[in-house]
Amino acid sequence: MSVSSTLLEVKDLKVSFDLQKGKIEAVKGVSFSVEPGEVVAIVGESGSGKSVIAQTILRILPRNANIDGGTVLFNDPADNNDAINLAGLDAKDEYLYEVRGGRISMVFQEPMTALSPLHTIGNQVQEALVLHHTKTSREARSDTEEILRLVGFPNPSLGYEMYPFELSGGLRQRAVIAMALICNPAMVIADEPTTALDVTVQAQILGLMKELQKKFNTAILMITHDLGVVANMADKVVVIYHGEIMEAGNVEEIFRRPQHPYLKALMAAIPHFDMKEGERLVSLRDSEADKPADTIHKLAAKFRAQDLGKINGPHLKVENLRKEFLIKKGSWFGSGENKKIVAVDNVSFEINRGECLGLVGESGSGKTTVSKLIMKALEATEGSVSLNTSEGMTDVLALSGQELMAFRRKVQMIFQDPFSSLNPRMTIQNILSEPYVIHRLNTAKGCQQDILDLIQLVGMEPHCLNRYPHSFSGGQRQRIGIARALALHPEVMICDEPVSALDVSVQAQILNLLNDLRKELGLTSLFISHNLAVVNYVADRIAVMCQGKLVEIASKEQLFANPHHPYTKSLLSAVPYPDLDRLLDFENIKYTSSMDADDWGATFKSSQDAGLENIRIDSGHYVLANSNCNRSEIRA
Amino acid sequence: MVSYIFKRFLYMIPTLVLTSILVFTLIELPPGDYFESYVNELRAAGETVDPKLIEYLRTEYGFDKPIWERYFQWATGMLVGDFGYSFEYELPVREVIGDRLFFTIIVTFVTIIFTWLIAFPIGIYSATHQYSWGDYGLTFLGLLGLAIPNFLLALIMMFLANEWFGTTIGGLVDPEFVGQPLGWAKFVSVLEHLWIPVIVIGTSGTAAMIRRVRANLLDELRKPYVTTARAKGMPEFRGLMKYPFRMSLNFFIADIGGILPTVISGAEIVAIVLSLETTGPILIQALQSQDMYLAGSFLMLLGFLTVIGVLISDIALACLDPRIRLQGGVSR
């Protein structure tokens with residue numbers, strides 16, 4: 001054993017990138033240390049330099065990066081040598097190849113792209129073992145299957161032969177973790193290991209990492225932007241902002257007594273479940289330009305001047321909506337059979353005028369398909385969507401020609417990805433005037449004032465209009481997307497994961513903006529998200545979707561206080577809170593994802609003699625259960 | 001796998017039938033036929049032609065029959081290896097093409113190998129050393145090869161080869177070997193002449209290939225799984241070959257379908273300039289003189305090779321890429 005016990009010590013590390021426009025300092029003198037078997041979290045927003053630190057430790061930086069100073073001392077507990085400065089080694093030093101994957105390994109964010117699509121899981125997992133230890137192929141295979149079993153592959157020897165695209169996201173990430181652990185390294189660097197996963201799968205993976213970390217006594221350097229994950233995993237926390245450490249300490253100090261204003265602000269910017277009615281998120285950097293009050297009044301008047309529908313009742317009504325996709329399964333033999341996938345299965349809900357319905361569910365649950373069906377971007381297989389207009393409830397799915405064009409003005413969409421939803425070859429002016437051009441609403445001159453009003457409404461300056469989307473940040477682009485959606489004075493706004501691509505601080509700004517606009521302009525909205533805390537912040541009522549079915553719908557107070565469906569319960573319990581008093585219970589709770597529908601119990605499954613039915617729990621609170629079930633039992 | 005290939009073969013039948021109809025219609029389209037051009041040529045030379053003889057020839061070769069009957073005769077003939085009769089050479093088409101096919105295949109095959117041998121290492125170097133002096137230099141050379149017209153390069157090379165090595169101008173062998181059976185001396189003579197067309201035809205292809213290898217590999221090098229391999233401790237070159245390089249091969253295999261037809265048709269102009277005894281010049285000549293069975297059979301051969309090439313690349317892609325093998329398409 002070597003003298004000092006510290007596993008990894010980063011001292012005054014400086015890293016910069018050579019770019020065409022000059023040098024960018026990504027890491028400016030960062031110091032921290034990791035003890036053996038410890039979990040250290042590096043927290044920061046995108047662009048803070050946290051991933052660069054991870055890449056520097058393993059020396060896998062891109063070619064245009066330079067280490068300008070500082071040391072990364074790695075003291076391998078498995079040998080007796082002194083600590084070695086990894087940052088000072090030659091890029092081709094053999095010790096580096098020995099450390100990479102052998103003594104320090106890495107878990108990546110995107111399990112799909114982090115694995116090669118052309119090689120089997122077994123081949124890729126086993127590679128690290130073969131590179132660092134001499135093993136016969138039979139030994140390597142049995143070791144690989146053993147580690148696959150350990151990370152929770154139901155059938156390791158089958159999993160060994162499979163390709164990444166044949167596995168679910170959760171299993172892929174398990175394979176990546178197996179790849180990192182197979183050589184029993186002293187430290188694992190986990191770069192946003194659960195960001196790409198659904199919340200229930202995230203809880204499973206976090207539990208798995210914690211369990212394996214204890215079992216092998218591996219140190220983990222966890223890089224994340226999610227304070228909830230940090231609270232549940234870390235022993236020590238390093239908060240980093242623009243390449244500099246803002247605050248560091250053990251997890252107790254950080255969460256109970258945050259000192260630095262940045263950390264305090266970061267915590268205030270996260271939506272949480274205990275927010276009081278009317279409480280606002282405090283955005284990190286207050287970039288919200290003052291919206292001119294008269295512009296808002298003018299626009300609000302325009303929105304309210306519209307036809308409010310002839311009859312009372314819901315503004316938008318969705319009944320028994322169903323959508324099937326045909327999947328062609330390719331195979332070496334014959335044509336393969338066509339498989340029918342039911343993406344949306346008997347979904348019904350109503351949204352009242354001015355209300356916001358939150359639609360929650362994991363990826364693949366059919367949320368986005370529902371929104372596309374409402375927009376009539378996809379043809380529904382069955383069911384109806386109707387909108388309350390001056391002619392009464394109009395069946396949207398039957399519209400065509402002129403009527404469809406008129407309908408399109410009333411329902412608009414805000415998209416998830418602000419980068420790909422704006423045409424990079426159009427100026428903001430063109431992007432915002434396009435809706436007017438398509439609907440032949442106004443002359444170029446006439447709509448100019450509207451465009452100016454819009455851009456100010458979303459908190460941006462008029463001089464932005466002549467620029468192209470690439471010169472704006474993610475948050476600004478999302479504002480432009482919102483302005484575009486508002487251009488036609490829609491009645492219904494569909495927001496499809498509008499903040500999931502944004503950083504916490506920007507997320508707070510956009511959520512506040514959406515909330516304000518909705519109230520000021522009286523918009524009816526459908527807010528789709530996988531993030532329960534975000535939905536809780538904006539929505540009045542919440543609908544939970546699982547495998548194409550709407551399993552529970554209730555007001556948000558009812559849903560959070562009294563969830564009935566096992567999937568809703570699991571979803572609520574799997575959210576990691578940035579709060580040390582409400583940690584996830586990895587040992588006792590089995591976090592079930594929608595894949596584990598078998599565990600739901602007979603009450604919530606269809607049986608041979610009875611299908612599923614919406615059972616009323618309370619006023620406005622319905623849960624999907626077997627029609628033969630004992631209702632009083634469910635309500636209890 | 002067997003049934004997949006079998007089905008692919010079945011798909012080929014309607015494709016080839018359609019191609020043959022198209023080819024036959026195309027060569028029938030221009031007004032007149034070979035005999036008309038022949039008579040005109042003789043008249044221009046001041047000779048008289050016996051109309052009876054022409055009439056006899058027309059009947060003899062079935063030109064008085066309706067077009068569909070002639071098509072049927074031609075198409076069924078091809079099935080048993082009878083490609084029709086070349087009027088100009090007064091030989092069966094098979095014999096006209098057959099002799100030259102050997103040289104064509106040699107020239108093209110060597111050219112393709114030459115292209116790959118040069119393009120792959122340079123492409124890989126350029127991609128892994130992006131924006132370095134080596135990358136810029138090799139890119140410049142490649143673009144130069146792309147920009148110089150082939151016929152010009154052919155003339156210059158021929159001149160230089162004659163000045164420096166005393167190689168005879170034109171052809172694929174020294175004149176004394178023409179018509180002789182292949183022996184050692186003839187083989188050496190072929191090699192002596194071969195490198196000129198190979199370099200001339202190869203340069204432009206190589207340059208394009210380098211650019212494509214470089215672009216495809218650069219795309220792959222940015223993918224996260226490359227970082228994964230590095231983080232596992234994979235030595236750089238082995239990692240490069242196992243992951244990004246193999247991924248970038250897909251485009252190249254999809255290309256095989258396009259390579260086969262060039263085996264017999266490619267580089268006609270260069271072949272004329274260098275007076276190579278390959279098949280390219282024959283095609284051009286046959287089209288000019290409306291020697292319809294020769295031209296038609298030739299075009300048919302191109303179509304057939306294209307279909308076979310696409311088949312080969314499809315099978316190879318399915319073998320190499322599990323996503324193509326195992327995943328199906330989604331229909332709306």
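Residues numbered from 1 in each chain as written. Chains lettered and ligands numbered in written order. Predicted model: local features only at pLDDT ≥ 70, side-chain atom pairs only at ≥ 80, totals over all residues. Heavy atoms only, no water.

(A) Representation of the overall build of chain B in the model. Within chain B, the secondary structure is distributed over 15 helices and 3 strands. Seen through its principal axes, chain B has C-alpha atoms that stretch 85 × 65 × 35 Å. When each of the 332 residues of chain B is scored for burial, the buried share is 42%. Put simply, 74% of the contacts in chain B that link residues at least 6 apart link residues at least 24 apart. For chain B, the exposed area adds up to about 17,700 Å²; of that, 69% sits on carbon and sulfur atoms. Here chain B contributes 23 positive and 29 negative side-chain charges, whose respective centroids are spaced 20 Å apart. (Helix = DSSP H or I, 4+ residues; strand = E, 2+ residues; numbered from the N terminus. Buried < 20%, exposed > 50% of the residue type's maximum accessible area, 1.4 Å probe, protein only. Contact = heavy atoms within 4.5 Å. Areas by Shrake-Rupley, 256 points an atom, 1.4 Å probe, with all protein chains shown as cover. Lys, Arg positive; Asp, Glu negative; His and termini not counted. Charge placed at Lys NZ, Arg CZ, Asp CG, Glu CD.)

(B) Spotlight on the pattern of salt bridges. Going through the model one piece at a time under the given rule, you end up with 25 salt bridges over all chains. Its salt-bridge partner being Asp135 of chain B, residue Arg214 of chain B comes within 2.9 Å of it at the nearest N-O pair. On the criterion of sequence distance, the pair formed by Arg214 of chain B in helix α8 (residues 184-221) and Asp135 of chain B in helix α6 (residues 133-147) is long-range, its members being 79 residues apart. No difference in accessibility class separates Arg214 of chain B from Asp135 of chain B, as the two residues are buried. The salt bridge involving Arg230 of chain B is made with Glu236 of chain B; its shortest N-O contact spans 3.8 Å. When its relative accessible area of 36% is taken as the criterion, Glu236 of chain B is described as partly exposed. Through salt bridges with shared partners, one network takes in Arg322, Glu324, Asp345 and Lys549 of chain A. (Salt bridge = Lys/Arg side-chain N within 4 Å of Asp/Glu carboxyl O.)

(C) Representation of the side chain of Arg103 of chain A in the model. All names here are of chain A. Its location among the elements puts Arg103 in the loop between α2 (94-99) and β6 (104-107). Residue Arg103 is classed as buried on the basis of its relative accessible area, which comes to 19%. When residues no more than four places from it in sequence are discounted, the contact partners of Arg103 are Phe74, Asp76, Ala78, Glu98, Cys183, Asn184, Pro185, Ala186 and Met187.

(D) Looking closely at the sheet that holds strand β20 (residues 549-555) of chain A. Residue and element names in this part refer to chain A. In space, the 8 strands of this open sheet follow the order β16-β17-β18-β13-β19-β20-β22-β21, with mixed pairing throughout. Looking along the sheet, the strands with just one partner apiece sit at the ends: β16 (411-414) and β21 (612-618). Across the sheet, the axes of successive neighbouring strands diverge by a mean angle of 20°, strand direction being ignored. In this structure, strand β13 (residues 356-360) lies alongside strand β18 (residues 524-529), joined through 5 bridges in parallel fashion. Directly across from Leu359, in β18, lies its bridge partner Ile528. Strands in contact with helix α20 (residues 566-573) are β13, β19 (541-546) and β20; relative to β19, the strand with the most contacts, it is inclined by about 105°. (Pairing = 2+ DSSP bridges. Axes fitted to C-alpha atoms, helices over the stretch in contact; angles between N-to-C directions.)

(E) Examining the sheet that holds strand β2 (residues 22-34) of chain A more closely. Residue and element names in this part refer to chain A. The 4 strands are arranged β2-β1-β4-β5 in an open sheet whose pairing can be described as antiparallel. Each of the sheet's edge strands pairs with one partner strand only, and the pair in question is β2 and β5 (84-85). Pairing geometry for strand β1 (residues 8-19) and β2, over 10 bridges, is antiparallel. Note that in β2 the partner of Leu8 across the bridge is Val34.

(F) Spatial organisation of the domain arrangement of chain B. All names here are of chain B. Here the domain parsing of chain B yields domain 1 (31-82) and domain 2 (98-320). When each unit is reduced to the centre of its C-alpha atoms, the spacing between domain 1 and domain 2 is 38 Å. Facing the 10 residues of domain 1 at the interface are 8 residues of domain 2. Carbon and sulfur atoms make up 60% of the surface buried where domain 1 meets domain 2, a total of about 700 Å² over both sides. The interface formed by domain 1 and domain 2 contains 0 salt bridges. (Domains from an automatic or database assignment. Buried area = accessible area lost by both parts, 1.4 Å probe.)

(G) Molecular detail of the nonpolar core. All names here are of chain A. Ranked by internal contacts, the top residues of the largest apolar core, which has 132 residues, are Ile177, Ile482, Leu486, Leu521 and Phe527. Per element, the largest residue contribution to this core is 9 residues, and it comes from helix α17 (residues 504-521). In contact with Ile482, other than residues within four places in its own chain, are Ile414, Val458, Ile510, Leu513, Leu514 and Leu517. Listed in part, the 42 residues of the second largest apolar core include Phe17, Val30, Ala87 and Ile240. (Core = buried A, V, L, I, M, F, W, Y, C linked by side-chain atoms within 4.5 Å.)

(H) Fine view of the confidence of the model for chain B. Residue and element names in this part refer to chain B. Averaged over every residue, the pLDDT of chain B is 80; the share at 70 or more is 94%. Across chain B, the secondary-structure element scoring lowest on mean pLDDT is strand β3 (residues 330-331), at 38, and the one scoring highest is helix α9 (residues 224-231), at 89. Segment residues 328-332: pLDDT under 50, and 10 contacts once partners within four positions in sequence are set aside and those in other chains are kept. For this predicted complex, the interface confidence score (ipTM) comes to 0.73, while the overall pTM stands at 0.78. (pLDDT = per-residue confidence, 0-100.)

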